Amino acid sequence: MPPGTRMQGDIPVGTMSSGANIALPVTLIKGTTPGPCLWINGQVHGAEVNGVVAAVEFGRRIDPESVTGSIIITPTANPLALDNHSKTAPQDLLDLDQNFPGETSGTVTGHLANALFDQVRTMASCLVNLHTMGPIYSSEPYCIYKIWPGGKVTEAQLLRMTSYFWPSMACRRIDVGGTGELPGNVDGALDYQCLARGIPAFMVELGQGSWYTPQNVELAVRGLMSLGRHLGILSGEPVAPAKILRATRRQWIMVRKGGLFLSTCDAKEIVPAGQLIGRVVTLKGEVVEEVRLQVDSFVIGIRRDPVVHTGDRIGLFATEWDSVGFE
Ligand SMILES: [Zn+2]
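### Focus on the overall build of the chain
The helix and strand tally for the chain stands at six helices and 17 strands. For 327 residues, the compact-globule estimate of 2.2 N^0.38 gives 20 Å, and the chain sits close to it at 20 Å. The dimensions of the chain, computed from C-alpha atoms along their principal axes, are 70 × 55 × 40 Å. The buried share of the chain, taken over its 327 residues, is 46%. The long-range share in the chain, meaning contacts at least 24 apart out of those at least 6 apart in sequence, stands at 70%.

### Things to note about the pairing of strand 7 (residues 142–146)
Both faces of the sheet carry side chains from a regular strand, because those side chains alternate between them. Counting buried positions over the five residues of strand 7 gives five, a clear majority of the element. Because side chains alternate across strand 7, one face comprises the buried residues Tyr-142, Ile-144 and Lys-146, and the other comprises Cys-143 and Tyr-145, equally buried. Bridge analysis of strand 7 against strand 8 (residues 170–173) gives four bridges, and the strand direction is parallel. Bridge pairing in strand 8 links Lys-146 to Arg-173. As a crossover connection, the stretch from strand 7 through helix 4 (residues 155–163) into strand 8 is right-handed.

### Examining unusual backbone geometry
Residue Pro-101 is bonded to the preceding Phe-100 through a cis peptide linkage, with omega at 10°. Its place among the elements puts Pro-101 in the loop between helix 2 (79–83) and helix 3 (108–123). With phi around 45°, Trp-166 is a residue other than glycine that occupies positive phi space. In this structure, Trp-166 sits in the loop between helix 4 and strand 8. By C-beta crowding, Trp-166 is classed as partly exposed, having 17 other C-beta atoms within 10 Å. Positioned with a positive phi, Ser-210 is a non-glycine residue whose angle comes to about 55°. With respect to the element layout, Ser-210 can be found in the loop between strand 9 (201–205) and helix 6 (214–230).

### A few points about helix 4
Those residues of helix 4 that sit buried are Leu-158, Met-161, Thr-162 and Ser-163. At its buried positions, helix 4 is contacted by strand 7, strand 8, strand 9, helix 6 and strand 10 (243–254).

### Considering the domain arrangement of the chain
When the parts of a complex come together, some accessible area is lost, and that lost area is often taken as the interface size. Under the domain assignment used here, the chain contains domain 1 (5–241) and domain 2 (248–325). A straight line from the C-alpha centre of domain 1 to that of domain 2 covers 28 Å. Contact with domain 1, which involves 14 residues of that partner, is made by 17 residues of domain 2. For the side of domain 1 that touches domain 2, the secondary structure elements donating two or more residues are strand 6 (137–139) and strand 8. Its residues placed into classes, the side of domain 1 that touches domain 2 shows eight nonpolar, three polar and three charged.

What counts, and where the lines are drawn
Residues numbered from 1 in each chain as written. Predicted model: local features only at pLDDT ≥ 70, side-chain atom pairs only at ≥ 80, totals over all residues. Helix = DSSP H or I, 4+ residues; strand = E, 2+ residues; numbered from the N terminus. Rg over C-alpha atoms; globule rule 2.2 N^0.38 Å. Buried ≥ 20, exposed ≤ 12 C-beta atoms within 10 Å, placed from the backbone. Contact = placed C-beta atoms within 7 Å. Pairing = 2+ DSSP bridges. Right-handed = clockwise from strand over helix to strand, strands pointing away. Domains from an automatic or database assignment. Nonpolar A, V, L, I, M, F, W, Y, C, P; charged D, E, K, R; others polar.

The structure is reproduced here in structure tokens:
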């Protein structure tokens, strides 16, 4: 590519029965002078649309002539799930964000992961992976970062980068390596595999799935602009809060009884220990469960689809957090 230009393309993955290509749409922006490469991945989970919109919108606002280094944008890493309005590809129902770095001898989700990561590992100096919570939850924008043990990317670096997204909470996940909050392979997350290779990477969660939220998209676009400035890719000063909240422990809460879960709290609220979070009411009007936590809890996401069965998740809560300041 000539300096100061933009190019559109597709990263090939495979083919459908009909012959249609399975491919990842990509925008390449090459700056006027060499420098670092910021990679924006808009989506790994197909119903999480705000990240797709934010990635596209960010790309539209960048003038290649004003860029030092380069920017690569993949609005979706999971076109099969996007087209299906579902979290996972309907062909194998596997979680793409548990399958990096990917491989090409298994089902299609491994192919998708491999196609993206093959490029990321050689090109990216920094990666942002955009998500939302599922469509059934109410949530305010927050961030998640992980730490690769002994890796060269520090927690301070990641906190600084997440702050540009003004997160309601920056959640540190330390449960990688087999003891996750939920069953699944957290090691296979895109950001974690980047960290393993010394590439700073983290997740931004932009509200609720299957729901276009313009203010969350705008927050993400501005955050990406500030991150670009922080990396020296875009000119100007990044904009960030003086301090953010950092969660060091969090947990999903499940109900024991089925019925209708009626929440009594909202996202970003701090619920004091012992206070009601919500109740499960049967279709015969009987209250069969009252949900309370033993400690003060910050509501990261709370269920708004009331239909619950035994063992269903009703919310994600931070139960330990502190404030982190920046100079
Ligand atoms: Zn997600």
